[in-house]
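A look at the structure
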Amino acid sequence: MVSIKRKIIPYLFISPFFVMFCAFQLAPIFYGFWMSLQKITLMVGSPVKFVGLENYLNLLSNVRFYQSLKVSVLYTVGHGSIHLLIALGLALVLNLKFRGRNIYRTIFFLPVVTSLAVSALIWMLILDHHVGLLNIVLRKIGLPGNYRWLDSPQLSLPSIIMVGTWRWFGFQMVIMLAGLQNIPNDLYDAAKVDGATSSQIIRHITLPLLFPVLFFCIAITVIGSLMLFEEPFILTQGGPRETTLSLAMYLYQSGFQYFKLGYAAALGYVLTILIMAAALFQVKTLGKRAGLT
Amino acid sequence: MRYRLVIMYLILSLAAIFTVVPFYWAVTSSFKPQSKIFERPAIFIQSFTIENYRSLLLETPFQRWLFNSMIISVSYTLLVIFFCSMGGYAFAKYDFAGKNFLFFVVLSSMTIPVWAIIIPLFMWFSRLGLINTYWALILPGSANAFGIFLMRQYIQGVPTELLDSGRIDGCSEFGIYYRIVLPVIKPAVGALAIYAFLASWNNFLSPLIFMRNPRMFTIPVGLSGFVGQKEFRYGLLMAGSVISVIPVSIIFLAMQKQLVAGLTLGAVKE
């Protein structure tokens, strides 16, 4: 009797979690696939129809899908490389011991606790071509200062990358800093005794030892960037001329502006597969150096 | 050496300016009259007013949005702590059939984007009448994969002898969780609480999709609705942004250590 009770106990402890997990995480994933095989429009009286792979075929022959894929990939590469490099540089500097470094760390982390939507709203008043701070400052120092940061096809995506950089570099920096502080000091001491210069130390000791952490940062950046949504939704609505139409933005429009729910579910699946493929690709190419395999 | 130090502080200061200026601009703009923002934009405040805050609180449903955000974030946080600490305890301290498989399923779910889940959920919630209810924002995500991982990691560090001594003293299994484990892992629960509160407070996508009635909006969704309105007032928008950032900044400044410890747990092996 006692032993049966003992066997049940752990299941009792995990069951509240797993009931919720199955209902709101696992079940929707499977149901989403079923939805993606149907034609569902949220209009009164329009019937739900099983269409097999039609949504996927439509998607793969749609120009807007490829445009959104291009935007998401450009954003991932641009945003990823810029903010990770800034974060790495600052983490290396903040890893030195000097007065006031905790203050800097706190400052850099403040945007991270600001919601993405509110970040975008705040930046709206900086990038506004008429009353925005950026153009005001440019005019004050004698430059034209009439750039259309958000509504010109050339500048819209770079502007959104800038907002993303502001929002995220502190987050990555804190993770890298924790990684740097885990590198044992005697390694540095030994290198110094051998007469290594500080750039040699960074190249041959710091970066290789930090690589697992950098790998983690790159991985979460790619996953996060492929889901870019709030900034284009608030700042550009995917425009101008679809230059900021990210995959998630396209999914949202399909599902909640045109109410093609089956099509949007198919897009959700494609996005999932893309993210997993990107993760797998990274594990295959960089995983060995990161000590994963 | 001195030359290097100068460059170092220069880089840090530039980055700090880049970080702080948007906040500065939001705060100052929230205290400027509408006419000053549009007609003669200036970098410093010239005529100070609290008109934006007054009309935000009295002429828009902002108070209601603040209330909604609070209710949702607090309930969500409590649920996350409840589910994850209990589940994490079982994963850390018991052996049971299927344990590794279940844990693997939970962890792999972290790579599934919310976008694959939100459309089916929207469909279900519409049918069940959960659109425009707090439940739609509190229940999904409360069984949090990161949360159960965090809890398991910390509870593994709690000595098993401590739990056994509780058993000898006649404590029930639930009593051990509630009276021994929970008090010992308080710091980790704190970290999880901040993480969950921030995630819910800052969530934009779910309230955007599940809340259709403006009175049920949360702060970020309500504020973003100001954009593109006929009478678009930047000052109002900035006042709302400032109010929404205040609670999270206070939490962050007060509990910075726990937050950072929680964030870096997944990335850095001790």
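Residues numbered from 1 in each chain as written. Chains lettered and ligands numbered in written order. Predicted model: local features only at pLDDT ≥ 70, side-chain atom pairs only at ≥ 80, totals over all residues.

Re the overall build of chain A
Secondary structure assignment for chain A yields 12 helices and two strands. Helices and strands in chain A line up, N terminus first, as α-β-β-α-α-α-α-α-α-α-α-α-α-α. Computed over its C-alpha atoms, the radius of gyration of chain A comes to 24 Å, more than 25% above the 19 Å expected for a compact globule of 293 residues. Based on the C-alpha atoms only, the size of chain A along its principal axes is roughly 80 × 75 × 35 Å. Residues classed as buried in chain A amount to 41% of the 293 residues present. Of the contacts formed within chain A by residues at least 6 apart in sequence, a portion of 68% connects residues at least 24 apart. (Helix = DSSP H or I, 4+ residues; strand = E, 2+ residues; numbered from the N terminus. Rg over C-alpha atoms; globule rule 2.2 N^0.38 Å. Buried ≥ 20, exposed ≤ 12 C-beta atoms within 10 Å, placed from the backbone. Contact = placed C-beta atoms within 7 Å.)

A look at the overall build of chain B
Helix and strand content of chain B: 15 helices and zero strands. Taken over C-alpha atoms, the radius of gyration comes to 23 Å for chain B, far larger than the 18 Å a tight globule of 270 residues would show. For chain B, long-range pairs separated by at least 24 residues make up 77% of all intrachain contacts whose partners lie at least 6 apart in sequence.

Details of the packing of helix α4 (residues 62-93) of chain B against helix α11 (residues 186-202) of chain B
All names here are of chain B. Where α4 meets α11, the closest approach of the two axes is 8 Å, and the angle between their N-to-C directions is 140°. By the angle between their directions, the pair α4 and α11 is classed as oblique. Seen from above, α4 lies across α11 with right-handed handedness. Where α4 abuts α11, its residues S69, I72, S73, Y76, T77, V80, I81, C84 and S85 lie against V189, L192, A193, A196, F197, S200 and W201. Here the contact of α4 with α11 is built from residues that sort into 11 nonpolar, five polar and no charged. (Axes fitted to C-alpha atoms, helices over the stretch in contact; angles between N-to-C directions. Parallel < 35°, antiparallel > 145°, perpendicular 65-115°, else oblique. Left-handed = near helix turned anticlockwise from the far one by under 90°. Nonpolar A, V, L, I, M, F, W, Y, C, P; charged D, E, K, R; others polar.)

Some details on helix α6 (residues 133-140) of chain A
Of all the residues in α6 of chain A, the buried ones are L133, L134 and N135 of chain A. If you follow the buried residues of α6 of chain A, they end up packed against α5 (116-127) of chain A together with α1 (2-30) of chain B.

A few points about the packing of helix α3 (residues 63-94) of chain A against helix α9 (residues 198-225) of chain A
All names here are of chain A. Contact geometry of α3 with α9 gives a least axis separation of 11 Å together with a crossing angle of 140°. Taken together, the axes of α3 and α9 lie oblique to each other. The handedness of the crossing between α3 and α9 is right-handed. Where α3 abuts α9, its residues Y75, T76, H79, G80, L84 and L92 lie against I202, C217, I218, T221, V222 and S225. Residues belonging to the contact of α3 with α9 are distributed by class as follows: seven nonpolar, five polar and no charged.

Description of the interface of chain A and chain B
Listed by partner, the interface residues are 66 residues for chain A and 67 residues for chain B. Split into classes, the residues belonging to the side of chain A that touches chain B amount to 54 nonpolar, 10 polar and two charged.

Looking at unusual backbone geometry
Residues and elements named next belong to chain A. The residue R241 is not glycine, and still its phi comes out positive at about 50°. Take R241: it is sitting in the loop between α10 (230-235) and α11 (247-256). Look at F259: it is not a glycine, yet its phi comes out positive at around 55°. In this structure, F259 sits in the loop between α11 and α12 (261-286). Taking the number of C-beta atoms within 10 Å as the measure of exposure, F259 has 14 and is therefore partly exposed.

Quick look at the nonpolar core
The nonpolar side chains of soluble globular proteins are, as a tendency, buried together. Core analysis: the biggest nonpolar cluster contains 151 residues, and M176 of chain A together with L192 of chain B have the highest contact counts within it. Ignoring anything within four residues of it in the chain, the contact list for L192 of chain B reads V80, I81, C84, G147, L150, M151 and G262 of chain B. (Core = buried A, V, L, I, M, F, W, Y, C linked by C-beta atoms within 7 Å.)

Considerations on the environment of V245 of chain B
Counting through the fold element by element, V245 of chain B comes out in helix α14 (residues 234-254). Through-space distance from the C-alpha of V245 of chain B to that of N202 of chain B is 9.4 Å; in sequence the pair is 43 residues apart. With near-sequence residues (within four places) excluded, V245 of chain B lies in contact with T114 and V118 of chain A.

Brief notes about the environment of F17 of chain A
Inspection of the secondary structure assignment puts F17 of chain A in helix α1 (residues 2-36). Here the alpha-carbon distance between F17 of chain A and R101 of chain A, two residues 84 residues apart in the chain, equals 40 Å. Ignoring sequence-local partners within four residues, the contact set of F17 of chain A consists of F83, C84, M86, G87, A143 and I148 of chain B.

Section: the environment of Q34 of chain B
All names here are of chain B. With respect to the secondary-structure elements, Q34 resides in helix α2 (residues 34-38). Owing to 17 C-beta atoms within 10 Å, Q34 belongs among the partly exposed residues under this scheme. Expressed as a C-alpha distance, the spacing of Q34 and G235, which sit 201 residues apart in the sequence, is 6.2 Å. Leaving out residues up to four positions away in the same chain, Q34 has contacts with R233 and G235.

Quick word on the confidence of the model for chain A
Across chain A, the average pLDDT comes to 89, with 97% of residues at or above 70. Strand β2 (residues 49-50) of chain A is the least confidently modelled element of chain A, averaging 84 in pLDDT, while α3 of chain A averages 95, the highest of any element. (pLDDT = per-residue confidence, 0-100.)

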